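Residues per chain, in single letters:
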Amino acid sequence: MQRRAFLLRLAALAAGAAGAGSGCDPDVPLAVGIHPWPGYEPFYIARAFGWLPDYVRLREGGTASDSVAAMKAGELDAAALTLDEVLAVRASGLALTVVLVFDVSVGADAVMARRDIEQPADVAGRPIAVERGAVGELVLDKLLAAAGLTEADVTVLDIAPDDQLEAWRRGEIDVAIGYEPVTRLLEREGARRLFDSRQFPGVIFDVLAVRSDRLSVRRSQLDALLSAHFRALDHLRVNRDDALRRIAAWRGLSLEETERSFAGLNLPDLAGNRAYLDVTGARGILKSARELNVLMLRAGRLSVADDLIGLIDPSCLPRNGSA
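J.: Tell me what's going on with the environment of F102, and back it up with residues and numbers.
T.: Residue placement: F102 occurs in strand β4 (residues 96-105). On the basis of relative accessibility, which here comes to 1%, the residue F102 falls in the buried class. With 173 residues separating them in the primary sequence, F102 and A275 have C-alpha atoms 13 Å apart. In contact with F102, not counting residues within four places along its chain, are G39, Y40, F43, A80, D206, V207, L208, H229, N266, L267 and P268.

Here it is as structure tokens:
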């Protein structure tokens, strides 16, 4: 955790130095916000192999909050976010459009608890760490619903995953809501996995969201970026050992830890993306966005429901073949 936190902060400082935004000038490189997360690794792999187009720049931050702030400041054209984060940004007045699904969480987002907490209802009266305004709040909502509790029954502390390990060691929290690799590190400290996104599949999506006002002017750059993504995703599947060793090296993790960090994720290929970005709303992320509307309204993260107009645009996906 310590080395990861250090690397994240170093990345954030480097990103801050990079600074400049691209605006709507098609001659300026496409600026894409990204932060460490297993589902986003194909972008890092593409960069390592030189497959990213010259006119695409990855701007690395420590968390999704860094990307959201930069998008609102006009410094980014696109960013890797969770679907609920996309809805929250749209609710703030910045229109975003989803053009790619990186992954679907099927266990990667988890609730870690002290050993004496054996079932969801046992969290009553206990201090719980969760990052407010992020996907962790969605997991908290699902946990409390499964336990038959409300937030009034627990003590919620706004602690980002990067800081949860230290809070755990200081004895300030009994429950932590986070994701890999923090969940794995908490496990080393004796935490048990109490609840995770396997209990509510098809809700937490990691996506590439583009500022809707820049979608048309950035079209060709986005097409090339998504082709590079699927090329890198193929490498992760076909040459998995090579890809995992590269990822382990730049994340400072063991090979086993890197392999296990993908255990709770489904990374859809091109066909899977076409299904998830189905604009009819009969399936895919539109269906999930409707459920998120309900959950986020209940949690107070949205004041009004998103009309979901312009939320999805699958036209940047490669048209033929896998990439």
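J.: Go over the sheet that holds strand β5 (residues 109-113), please, and point to the residues and values.
T.: As summarised here, the arrangement of the 5 strands in space is β7-β6-β8-β5-β9, forming an open sheet in which the pairing is mixed. The open sheet terminates on both sides in strands that have one partner only, identified here as β7 (155-158) and β9 (192-196). For this sheet, the mean inter-axis angle between neighbouring strands, taken without regard to orientation, is 30 degrees. Sheet topology places strand β6 (residues 127-130) next to strand β8 (residues 175-179); 2 bridges connect them, and they run parallel. Paired with I128 across the bridge in β8 is V175. Running over the sheet, helix α5 (residues 135-147) touches β5, β6, β7, β8 and β9 and is turned about 90 degrees from β9. Helix α6 (residues 161-169) rests against β5, β6 and β8 of the sheet, and its axis sits at about 150 degrees to β8.

J.: I'd like a rundown of the packing of helix α4 (residues 83-91) against helix α12 (residues 284-299), residues and numbers included.
T.: Running from N to C, α4 and α12 point in directions that differ by 65 degrees, and their axes come no closer than 10 Å. For α4 against α12, the interelement crossing comes out right-handed. Each of L83, D84, L87 and A88 in α4 lies in contact with α12, whose residues at this interface are I285, S288, A289, L292, N293 and M296. Across the contact of α4 with α12, the residue classes tally to 7 nonpolar, 2 polar and 1 charged.

J.: Could you give an account of the sheet that holds β4, naming the residues involved and the relevant values?
T.: An order of β2-β1-β3-β10-β4-β11 is seen for the 6 strands of this open sheet, with the pairing classed as mixed. For this open sheet the edge positions go to β2 (56-60) and β11 (265-266), each flanked by a neighbour on one side alone. Sheet analysis places β4 next to strand β10 (residues 205-211), joined by 7 bridges and oriented antiparallel. Residue V98 lies in a different strand from β10, and its bridge partner there is A209. Sheet strands in contact with helix α8 (residues 219-238) are β1 (30-34), β2, β4 and β10, and its direction is about 5 degrees off that of β4.

Cut-off values and rules
- Residues numbered from 1 in each chain as written.
- Predicted model: local features only at pLDDT ≥ 70, side-chain atom pairs only at ≥ 80, totals over all residues.
- Heavy atoms only, no water.
- Helix = DSSP H or I, 4+ residues; strand = E, 2+ residues; numbered from the N terminus.
- Buried < 20%, exposed > 50% of the residue type's maximum accessible area, 1.4 Å probe, protein only.
- Contact = heavy atoms within 4.5 Å.
- Pairing = 2+ DSSP bridges.
- Axes fitted to C-alpha atoms, helices over the stretch in contact; angles between N-to-C directions.
- Left-handed = near helix turned anticlockwise from the far one by under 90°.
- Nonpolar A, V, L, I, M, F, W, Y, C, P; charged D, E, K, R; others polar.

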